[in-house]
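Spelled out, the chains give:
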Amino acid sequence: MDERRRKRRDFFQNIAIVLLALSAAFLIAQTQLYSLGVNAGSSYFQYLSGSTSQAPDGAQTPLTSLSAPVRLAVTGVYGGRYGSVTLTTTDEDFEPVGGLLREALRSVQSFSVCEDAAFLEALKGTSVYCDFLEPLPLPVVAGLMGASIDSGLSVRRLVVSAHEGGEATLYLWCEGDVCRRGTSAVSAEELESVVSGYELNGAYFALDNGEPDSAGTDPCSLFPPELPELPVFSSSAVLPDSGALLSALGFYPRTNSRYTESGGVEVITDGDRTLRLNPDGSIRYRSGGDPALTIAAAGEEPTVTEAVMGTAALLNSLLSGQTSEAGLYLTGVRQTERTMILSFGWQSGGVPIRFDRGGSAAEVTLSGCAVSVLTLRFRQYADTGEMSLLLPLRQAMAIAVRQAGAELSIGYVDGGVSASARWLAD
């Protein structure tokens, strides 16, 4: 009996020793994880940002995975036109035009400045037209279509138009309303082949004077033959689980270095890094110089393409797990001597979503490869089953012309609890 008790006692003692050893190992691992939190976060985002090498000629660039809203117009040989104001670069309907623009961008050796009139005249002949809503770096625009080019230009609108010599000319409407053009290796036959693949639907530009009141608006305002049916979205601000959010930003998820201000703002600190979680569903991250959060780059300074890919991956990781009818898209890149600032907006089905009080959905400031400032408005959009009520086009034009030269377009406006589509005059 005593021998049996002794064996039982030894058995339980061994179990206790194993449990204590496992507990000690767990505590050591937790300590190491906390100590390595900065580096772990950095490596995570370097992985997310994807390949940083330049794509060889003929290869697809990583930017093709991003979805950007685009207004598309295709003009036929006899002047008929197909147009869409609810399209993204990843939609099937964009693919033929994207391929044509990819080849045109790759083949143009140089651009020369031209008059605005030349750009507008190109829209009247056999052509394809793309409007990316905001001026974007040309390498990014090209990358969205699979081309890898080096350029310091920022461009919003592109046109490929047939030329009398049998070659197609590429026109760019650049930042500052400066137009440029260059001769491409795309033939008129290739252009016509792409154009013939679209069923012309009667869309028109303001410059066509298709409506008596359209002359007072921006000539590149594109009007569909029928107003699109766009749903009304409910809009809510829901922050993700704080532990997941902190982990994604390289903070220790169980940190006690946190407090709540009188206005309800929760503040988490880690050295010179601060994260503020606001009651309105927005966050603000700031680093005083600690490179805890970085994007991957081949060199010390990221290219604009690397910056876009890295910040988009970072923002999408913060949104992981949330369901919404809208996604982020790049709205602008600003560069200074020391920083690069990237802005993003929300869009649904190629239709931009604006806030009634203005501002971006997200903004990321890079100091080299390090994220020094990040702001993000968490928004979840859900279809309510109701449809947006748009003013008839003629009434919208009559209002828009009061602002001389305004561009008339369709977009969502988020009022806080809902977002409905309406006419916008910029």
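Residues numbered from 1 in each chain as written. Predicted model: local features only at pLDDT ≥ 70, side-chain atom pairs only at ≥ 80, totals over all residues. Heavy atoms only, no water.

### Topic: the sheet that holds strand β6 (residues 167-174)
Note the following rule: Strand pairing is defined by DSSP finding a minimum of two bridges between the two strands. Segments assigned H or I by DSSP are reported as helices when at least four residues long, segments assigned E as strands when at least two residues long, and all are numbered from the N terminus. All axes here are fitted lines through C-alpha atoms, helices being fitted over the stretch that makes contact, and every angle between N-to-C directions spans 0 to 180 degrees. Any two residues having at least one pair of non-hydrogen atoms within 4.5 Å are treated as being in contact.
The antiparallel open sheet is built from 7 strands, whose spatial order is β2-β1-β4-β5-β6-β7-β3. A strand with exactly one partner marks an edge of an open sheet, and here the two such strands are β2 (81-84) and β3 (112-114). Between one strand axis and the next, the sheet turns by 25° as a mean value, whatever way the strands run. As paired elements, strand β5 (residues 154-162) and β6 share 7 bridges and run antiparallel to each other. When the bridges of β6 are listed, Leu158 appears paired with Leu172. Relative to strand β7 (residues 178-187), helix α3 (residues 95-107) is tilted by about 100°, and along the sheet it contacts β1 (71-75), β4 (127-137), β5, β6 and β7.

### Section: the side chain of Ser107
Stated precisely, the cut-off is as follows: Categorising residues by exposure relies on relative accessible area from a 1.4 Å probe, with only protein chains included: less than 20% of the type maximum marks a residue as buried, more than 50% marks it as exposed, and the intermediate range marks it as partly exposed. In the analysis that follows, any N or O atom pair within 3.5 Å is treated as a polar contact, provided that within protein one partner can donate a hydrogen and the other can accept it, and provided that, for residues neighboring in sequence, both atoms belong to side chains.
Mapped onto the fold, Ser107 is located in helix α3. For Ser107, a relative accessible area of 16% gives the class buried. Reaching out from Ser107, the side chain makes a polar contact with the backbone oxygen of Glu103 at a distance of 3.0 Å. Excluding its chain neighbours within four sequence positions, the residues that come into contact with Ser107 are Thr183, Ser184, Ala185 and Val186.

### With respect to the packing of aromatic side chains
Quick reminder of the rule: Between 30 and 60 degrees the pair is tilted, below 30 it is stacked and above 60 it is edge-to-face, where a pair is any two Phe, Tyr or Trp rings, Trp via its six-membered ring, whose centres lie within 6.5 Å. Two limits define a charge over a ring: the Lys NZ or Arg CZ must be within 6 Å of the ring centre, and within 35 degrees of the ring normal.
Across all of its chains, the model carries 9 aromatic pairs by this definition. Ring geometry for Phe119 against Trp173: centres 5.0 Å apart, planes inclined by 80°, an arrangement best described as edge-to-face. Highlighted residues: Phe119 in helix α4 (residues 116-122) and Trp173 in strand β6, separated in sequence by 54 residues. When its relative accessible area of 10% is taken as the criterion, Trp173 is described as buried. Measuring from ring centre to ring centre gives 5.0 Å for Tyr129 and Phe205, while their planes differ by 85°; the resulting arrangement is edge-to-face. With Tyr129 in strand β4 and Phe205 in strand β8 (residues 204-205), this pair connects stretches of sequence that are 76 residues apart. By relative accessible area, Tyr129 is classed as buried at 1%. With a relative accessible area of 0%, Phe205 lands in the buried category. Through successive ring pairs, a cluster of aromatic residues spans Phe233, Trp346, Tyr381 and Tyr412. Sitting over the face of the ring of Phe251, Arg273 holds its NZ or CZ atom 4.2 Å from the ring centroid.

### Concerning the environment of Leu222
Following the sequence through the fold, Leu222 ends up in strand β9 (residues 222-223). The buried category is assigned to Leu222, whose relative accessible area is 7%. Separated by 91 residues in the primary sequence, Leu222 and Asp131 have C-alpha atoms spaced 9.6 Å apart. Ignoring sequence-local partners within four residues, the contact set of Leu222 consists of Arg71, Leu72, Ala73, Ser84, Val85, Tyr204 and Phe205.

### Observations concerning the side chain of Ser154
Position of Ser154 among the secondary structure elements: in strand β5. Its relative accessible area of 17% is what places Ser154 among the buried residues.

### Some thoughts on the packing of α3 against helix α6 (residues 188-196)
The line we're drawing: For classification purposes, angles smaller than 35 degrees are called roughly parallel, those larger than 145 roughly antiparallel, those between 65 and 115 roughly perpendicular, and all remaining angles oblique. Whether a crossing is left-handed or right-handed is set by the direction in which the near helix is turned from the far one by less than a right angle, anticlockwise for left-handed and clockwise for right-handed. Residue polarity follows a fixed list, in which Ala, Val, Leu, Ile, Met, Phe, Trp, Tyr, Cys and Pro are nonpolar, Asp, Glu, Lys and Arg are charged, and the others, Gly among them, are polar.
As a packed pair, α3 and α6 sit with axes 9 Å apart at the nearest point and diverge in direction by 165°. Here α3 is positioned roughly antiparallel relative to α6, judged by the angle of their axes. For the element pair α3 and α6, the recorded crossing hand is left-handed. In contact with Pro96, Val97 and Leu100 of α3, α6 contributes Glu190, Leu191 and Val194. Of the residues that constitute the contact of α3 with α6, the class distribution is 5 nonpolar, no polar and 1 charged.

### Re the nonpolar core
Inclusion rule: The definition of a nonpolar core used throughout is a set of buried Ala, Val, Leu, Ile, Met, Phe, Trp, Tyr and Cys residues joined through side-chain atoms within 4.5 Å.
Ranked by size, the top nonpolar core spans 98 residues in total, and within it Val97, Leu318, Leu374 and Leu376 carry the most contacts. Here the element with the most residues in this core is helix α8 (residues 304-318); it accounts for 8 residues. Contact partners of Leu318, with chain neighbours within four places excluded, come to Pro240, Leu245, Ala248, Leu249, Ile283, Leu374, Leu376 and Phe378. Judged by nonpolar contacts, the second largest core, of 17 residues, contains Val85, Leu120, Phe205 and Leu207.

### Description of the state of the cysteines
Covalent bonding between the sulfur atoms of two cysteines is what defines a disulfide. For the record, the criterion: Two cysteine sulfur atoms make up a disulfide if the distance between them is within 2.5 Å.
As enumerated under the stated definition, the model contains 0 disulfides in all. With no disulfide of its own, Cys220 lies closest to Cys179 among cysteine sulfurs, the gap being 8.1 Å.

### Points about the pattern of salt bridges
Rule in force here: We count a salt bridge whenever a side-chain nitrogen from Lys or Arg sits within 4 Å of a carboxyl oxygen from Asp or Glu.
Within this structure, the stated rule accounts for 16 salt bridges. With its nearest N and O atoms 2.5 Å apart, the salt bridge here joins Asp208 to Arg81. Of the two residues, Asp208 sits in the loop between β8 and β9 while Arg81 sits in strand β2, which places them 127 residues apart along the sequence. When the shortest N-O distance is used, the salt bridge between Arg106 and Glu103 registers 3.3 Å. Pair noted here: Arg106 and Glu103 are both in helix α3, with a separation of 3 residues, about one helical turn. Given the relative accessible area of 23%, Arg106 is considered partly exposed. Glu103 gets classed as partly exposed once you look at its relative accessible area, which sits at 38%.

### Observations concerning the pairing of strand β21 (residues 408-414)
Taken across its 7 residues, β21 has 7 buried, putting it largely inside the fold. Burial along β21 is two-sided: Leu408, Ile410, Tyr412 and Asp414 facing one way and Ser409, Gly411 and Val413 facing the other are all buried. Inspection of the sheet shows strand β17 (residues 351-355) paired to β21 by 3 bridges, in the parallel sense. Counted as the bridge partner of Arg354 is Val413 from β21. Two strands pair when backbone bridges link them, and β21 and strand β22 (residues 418-425) are joined in this way by 7 bridges, in the antiparallel orientation. Paired with Val413 across the two strands is Ser420, which belongs to β22.

Coordinates in, geometry out; function isn't part of it.
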